[in-house]
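# Notes for the structure review
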Amino acid sequence: MRAIVLSSLTLISLASTAAAEVTLSYGATFTSRYVASGIEQSSGSAIQPWVEVGYGGAYVGLWASNVSRAGLGASAEVDLTFGYRGEAGPISYDLGYARYFYTGPYSNCCGEIVMDLSSSPTEQSTFGLRMTYDPSADVMNAKISVDYAPTDTLGLNLAFGSISNGGHEYWTAGTSYSINDNLSVSASWNDTNITKGVAVLSVDLAY
């Protein structure tokens, strides 16, 4: 009986430890325009809810948005992502895969291998590199970014990206302000070498 009790307590302890390692994050973005790689994906405002479950460095997430770009022919987008995050010395990394689904045509559109690298040489600054690769289309999207936080609540961002195989170049400049730990607002200017620039205002909720 003592062995059974000890075994039961061990299982409960292991279950509690495992449960403690599971994390749940969720939120939503309310934005004046859905823009991806400098290209407008919606003709007006968009609501973009998301949820992510993590266990240690591994994670799986869902992200959604309304879209209405004529060339896409869909009214909603849902992204399924999974991957692993960690640190290697001064470098933070995020390696994963993203699959894109749409309502209407091209329901199971495509997928990309994703690699995010970042480093913070100071408490206020962060340099980032993001690379995505679509093996079906043989297209790579590479973006470098610089983030600077002069205060605990104010952030500034610059980014430049390029898409291979007849793609385009794009860039963005923006600022954000954290109202509290869960609520922030941001404004950015997004432009490309093939389209006119667009200003975007957003409100982000995250828990």
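Notes on the structure in this doc start here. (Residues numbered from 1 in each chain as written. Predicted model: local features only at pLDDT ≥ 70, side-chain atom pairs only at ≥ 80, totals over all residues. Heavy atoms only, no water.)

Ordered in space as 1-4-5-6-7-8-9-10-11-12-13-14, the 12 strands form a closed barrel in which the pairing is antiparallel. Strand-to-strand twist in this sheet, taken as the mean axis angle between neighbours without regard to direction, amounts to 20 degrees. Across five bridges, the pairing between strand 1 (residues 22-31) and strand 14 (residues 198-206) is antiparallel. When the sheet's bridge partners are listed, T31 is paired in strand 14 with S202. (Pairing = 2+ DSSP bridges. Helix = DSSP H or I, 4+ residues; strand = E, 2+ residues; numbered from the N terminus. Axes fitted to C-alpha atoms, helices over the stretch in contact; angles between N-to-C directions.)

Bringing the environment of G128 into the picture now. In this fold, G128 is placed in strand 9 (residues 125-134). Owing to a relative accessible area of 19%, G128 belongs among the buried residues under this scheme. Residues G128 and S118 lie 10 residues apart in sequence; the distance between their C-alpha atoms is 4.2 Å. For G128, the residues in contact, after removing those within four places along its chain, are L117, S118, K143, I144 and S145. (Buried < 20%, exposed > 50% of the residue type's maximum accessible area, 1.4 Å probe, protein only. Contact = heavy atoms within 4.5 Å.)

Turning our eyes to something else, we now look at the pattern of salt bridges. The final tally for this structure, using the stated rule, is four salt bridges. The residue R85 makes a salt bridge to D94 at a minimum N-O spacing of 3.0 Å. Residues R130 and D116 are paired through a salt bridge, measuring 2.6 Å at the closest nitrogen-oxygen approach. Taken together, the residues span a long stretch of sequence, with R130 in strand 9 and D116 in strand 8 (residues 108-119) at a distance of 14 residues. By relative accessible area, which is 21% here, D116 ends up partly exposed. Connected via shared salt-bridge partners are E52, R85 and D94. (Salt bridge = Lys/Arg side-chain N within 4 Å of Asp/Glu carboxyl O.)

Both strand 4 (residues 46-55) and strand 5 (residues 58-66) contribute to a ladder of six bridges, which runs antiparallel. Bridge pairing links Y55 to A58 in strand 5. The pairing of strand 5 with strand 6 (residues 76-88) spans nine bridges and is antiparallel. Looking at strand 6, one finds that A58 is bridged to Y84.

Taken as a whole and assessed by the stated rule, the structure comprises one disulfide. Each sulfur in the disulfide pair C109 and C110 lies 2.4 Å from the other. Between C109 and C110, the disulfide has an S-S torsion of 70 degrees and is therefore right-handed. Judged by its relative accessible area of 33%, C109 falls in the partly exposed class. (Disulfide = S-S within 2.5 Å.)

Another point: the side chain of S65. Topologically, S65 is positioned in strand 5. Among the polar contacts made by the side chain of S65, one reaches the side chain of Q48 at a distance of 3.2 Å. In this view, S65 contacts Y34, A46, I47, Q48, A76 and E77; residues no more than four positions away in its chain are not counted. (Polar contact = N/O pair within 3.5 Å; in protein donor to acceptor, adjacent residues only side chain to side chain.)

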